[in-house]
Amino acid sequence: MKKDLLSIDDLTTDEILLVLDTAEAMREIGQRPIKKVPTLRGKTIVNLFYEPSTRTRTSFEIAEKRLSADTLNIAVAASSVLKGETLADTAMNIEAMAPDMIVLRHASSGAGHLLSRICRSRIINAGDGMHEHPTQALLDAFTIREHKKRIEGLKVAIVGDLLHSRVLRSNVLLLTRLGAEVWVSGPPTFVPVGIERFGVRVSPRVDEAVADADVIMMLRIQQERLHGAFIPSLREYFTTFGMTRERVARAKPDVIIMHPGPMNRGVEIASDVADGPDSVILEQVANGVAVRMAVLYLLAGGAEAD
Amino acid sequence: MPVVLDADRISRSLTRIAHEIVERNRGVDDLALVGIRTRGVPLARRLAHLLRDISHHDVPTGALDITLYRDDLMRTAVGAQPQIRKTEIPFSIDDKRILLVDDVLYTGRTIRAALDALIEFGRPKVIQLVVLVDRGHRELPIKADYVGKNVPTSLAQSVQVHLTEVDGRDEVEIQEP
């Protein structure tokens, strides 16, 4: 493994499969009466979150605690960032206290790369702006593999706000690497220029993207990032692109419905789909802990000379 | 490479150990087998078959991966982490008589890790240790209760256990450096 996990491209295909296999073993720990192993005893992990997060931060913290690491959370709202400290200065000050890993969530794309250059600690990107969210893609792949027993050859339809989505970027890199046929769909204002160069099929019609799909992955409308007129109204968006039971019926009968959360019910996904029998949304959350334990364990070993 | 146990000797050793287990525990009530990955697992399964032949009772059998409990993890600055495999103990170990099974007993560090791991699953009544080969050179105060064969070795030698389920043949051999 490289020193840091900033992008899916930091992992070789063998390493991706190793993470998924290790996560299988890690999941068993969560089913024990004592959900803890001593593996990362004495390691200090700082969770540095510059953006609100419930799922990812909780998931990392539970994973760290199950591996016996010492963890601390820096919530930016209560830190000296409010007094004007830069990310680099904050990082160097944390670094001076010698943590072993920093888990970073930041609104700017590439924030992890900046820390990677100035920190000796290993950096795990827990979402950087519109760029990547590698552990989310890994847990999505883990969930797909669990249901379909494979990833190669599956048709995966990703629908929603493609432009602002770091989940999309990490998933496209990972799923195309493992041989899935990835389709993306969304309003033209949400389709990044040149996305087809990543090896995905683009369709402006959701019905075409989800036809005979094995997996439907919905992306959130990120109202906090919509500074401009991207869609006429949330209601119209739901009519044209929202995942309804009628649309799900076009996919394969054993399709699974995924969403990285938090969901906007009635905007990108209908409630009866989100809570329906095909939904694996809460399984994704459960698997997140095992996948993050795998990533923490594998990164805590020695880095390759690179 | 000298062969110290062939397929026949391995089979007879396990049969003898199965009888010793029944004698010492006065039957198979409350017994459970836990094999340490990798090669302790097929040995535990074979013992379960032998114990059923003797007693006509099934003995629950599990598999334990001790990697996360090793005392030599993360002590070196380079190199990849050892791969973790699944622990599967599909029964409660509380108040059970646990037979911990491994192929080779050497420094005792694997067994120390296995004891730590096992205790987190509950509180067994007793834990007894079964090994196919005891090669000496203990670094911790650990001793086996049932031994297939004591094999005196030098530190430079290595003991290779091959089992049909993993390696396609049954054989224990000593490799010279």
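See the structure shown above.
What counts, and at which threshold
Sequence order as written defines the numbering, with residues in each chain counted from 1. Chain letters start at A and ligand numbers start at 1, both assigned in the order the entries are written. Local features in this predicted model are restricted to residues of pLDDT 70 or higher, and side-chain atom pairs are both shown and tallied only at a pLDDT of 80 or more, whereas totals for entire chains, interfaces and linings draw on every residue. Numbering of helices and strands starts at the N terminus; helices are DSSP runs of H or I of at least 4 residues and strands are runs of E of at least 2. Radius of gyration: over C-alpha atoms. The globule rule applied is 2.2 Å multiplied by the number of residues raised to the 0.38 power. The exposure label follows from counting other C-beta atoms within 10 Å of a residue's C-beta, where the C-beta atoms are placed from the backbone and the thresholds are 20 or more for buried and 12 or fewer for exposed, leaving partly exposed in between. Placing a C-beta atom from the backbone of each residue, one calls two residues in contact when those atoms lie within 7 Å. Ten residue types, Ala, Val, Leu, Ile, Met, Phe, Trp, Tyr, Cys and Pro, are classed as nonpolar, four, Asp, Glu, Lys and Arg, as charged, and the remainder, Gly among them, as polar. A set of buried Ala, Val, Leu, Ile, Met, Phe, Trp, Tyr and Cys residues, joined through C-beta atoms within 7 Å, is what we mean by a nonpolar core. Here, expected helix span is obtained from the residue count minus one, scaled by 1.5 Å. Given a residue, its bend is the angle between the two axes fitted to the seven residues that end at it and to the seven that start from it. Pairing between two strands is assigned when DSSP locates at least 2 bridges connecting them. Inter-axis angles, ranging from 0 to 180 degrees, are taken between N-to-C directions of lines fitted to C-alpha atoms, where helices are fitted over the stretch in contact. Orientation categories follow fixed angle ranges, with anything under 35 degrees roughly parallel, anything over 145 roughly antiparallel, 65 to 115 roughly perpendicular, and all other angles oblique. Crossing handedness is read from the near helix: turned anticlockwise from the far helix by less than a right angle, it gives a left-handed crossing, and turned clockwise, a right-handed one.

Engineer: Is there a simple way to explain the overall build of chain B in this structure?
Structural biologist: Broken down by element type, chain B carries four helices and eight strands. Starting at the N terminus, the α and β elements of chain B follow one another as β-α-β-α-β-β-α-β-β-β-α-β. Against the compact-globule benchmark of 16 Å for 177 residues, chain B has a radius of gyration of 16 Å, which places it among compact chains. Relative to its full complement of 177 residues, chain B shows a buried share of 37%.

Engineer: Help me understand the overall build of chain A in this model?
Structural biologist: When you go through chain A residue by residue, the secondary structure sums to 11 helices and nine strands. Relative to a compact globule of 306 residues, whose C-alpha radius of gyration would be 19 Å, chain A shows 19 Å and is just as compact. Overall, the C-alpha framework of chain A stretches about 55 × 45 × 35 Å when taken along its three principal axes. When contacts within chain A are restricted to residue pairs at least 6 apart in sequence, those whose partners lie at least 24 apart make up 75%.

Engineer: Which parts of the structure should I look at to understand the environment of A:R247?
Structural biologist: All names here are of chain A. Note on placement: R247 falls in helix α9 (residues 245-248). Judged by the 20 C-beta atoms lying within 10 Å of it, R247 falls in the buried class. For the pair R247 and D140, spaced 107 residues apart in sequence, the C-alpha to C-alpha distance is 21 Å. With near-sequence residues (within four places) excluded, R247 lies in contact with V206, D207 and V210.

Engineer: Can you walk me through the environment of A:A111 in this structure?
Structural biologist: Residue and element names in this part refer to chain A. Its place among the elements puts A111 in helix α4 (residues 111-118). Of the residues examined, A111 has 24 C-beta atoms within 10 Å and is grouped as buried. The contact partners of A111, leaving out residues within four places of it in the chain, are L87, L104, H106 and D128.

Engineer: What is the right way to read the interface of chain A and chain B from this model?
Structural biologist: For an interface, size is often stated in terms of accessible area lost upon the parts coming together. Each partner contributes to the interface: chain A provides 16 residues, whereas chain B provides 17 residues. Within the residue set of the side of chain A that touches chain B, elements represented by two or more residues are α1 (13-29) and α11 (281-300) of chain A. Ranked by residue count, the leading element in the side of chain A that touches chain B is α1(A), at four residues. Broken down by class, the residue content of the side of chain A that touches chain B amounts to nine nonpolar, four polar and three charged.

Engineer: Explain the nonpolar core to me, please; I cannot follow it from the model alone.
Structural biologist: Soluble, globular proteins show a tendency: their nonpolar side chains are buried together. Within the largest apolar cluster, 144 residues are counted, with the highest numbers of intra-cluster contacts made by A:I216 and B:L47. Examining the composition of this core, we find that 12 residues originate from one element, α11(A), more than from any other. Contact partners of B:L47, with chain neighbours within four places excluded, come to B:L14, B:I17, B:A18, B:L33, B:V101 and B:V130.

Engineer: In this structure, what is going on with α11(A)? I would like to understand it.
Structural biologist: Counting along an α-helix, one turn takes 3.6 residues, and residues three or four places apart therefore face a common direction. Residues and elements named next belong to chain A. Here α11 is 20 residues long and its end C-alpha atoms lie 29 Å apart, about the 28 Å a rise of 1.5 Å per residue gives. The largest bend along α11 reaches roughly 30° and is located at N287. Of all 20 residues in α11, 16 are buried; the element is thus mostly enclosed.

Engineer: Quick question: what am I supposed to make of the sheet that holds strand β8 (residues 215-218) of chain A here?
Structural biologist: What links the strands of a sheet is backbone hydrogen bonding, and the strands pair in either a parallel or an antiparallel sense. Residues and elements named next belong to chain A. Pairing in this open sheet of five strands is parallel, and the strands run β7-β6-β5-β8-β9 from one edge to the other. At either end of the open sheet lies a strand with only one pairing partner, and these are β7 (201-202) and β9 (256-258). Here β8 runs beside β9; their pairing, made up of three bridges, is parallel. Directly across from M217, in β9, lies its bridge partner M258.

Engineer: Would you mind showing me how to read the sheet that holds strand β4 (residues 97-105) of chain B here?
Structural biologist: Residues and elements named next belong to chain B. The parallel open sheet is built from five strands, whose spatial order is β3-β2-β4-β5-β6. Here the strands that pair on one side only, and so sit at the sheet edges, are β3 (61-64) and β6 (146-150). Between one strand axis and the next, the sheet turns by 25° as a mean value, whatever way the strands run. As judged from the five bridges shared by strand β2 (residues 31-36) and β4, these two strands associate in the parallel manner. Counted as the bridge partner of G35 is V101 from β4. Helix-sheet contacts for helix α3 (residues 109-119) involve β2, β3, β4 and β5 (126-134), and the interaxial angle to β4 is about 155°.

Engineer: In this structure, what is going on with the packing of helix α1 (residues 7-24) of chain B against helix α2 (residues 40-55) of chain B? I would like to understand it.
Structural biologist: Helices that pack against each other are described as a pair by the angle of their axes relative to one another and the distance between those axes. All names here are of chain B. Running from amino to carboxyl end, α1 crosses α2 at an angle of 60°, the nearest separation of the two axes being 9 Å. Our classification of the angle between α1 and α2 gives oblique. Crossing angle aside, the handedness with which α1 passes α2 is right-handed. On α2, the residues that touch L14, T15, I17, A18, H19, I21 and V22 of α1 are R46, L47, L50, L51, I54 and S55. Its residues assigned to classes, the contact of α1 with α2 comprises nine nonpolar, three polar and one charged.

Engineer: What's the story with the pairing of strand β6 (residues 181-185) of chain A in this structure? I'm lost.
Structural biologist: Two faces belong to every sheet, and in a regular strand the side chains alternate between them. Residues and elements named next belong to chain A. For β6, a buried count of four out of five residues is recorded, marking the element as mostly surrounded by other parts of the structure. Of the pairings in the sheet, the one linking strand β5 (residues 155-159) to β6 comprises five bridges and is parallel in character. Along β6, the bridge assignment pairs V159 with S185. The pairing of β6 with β7 spans two bridges and is classified as parallel. Along β7, the bridge assignment pairs V184 with V202.

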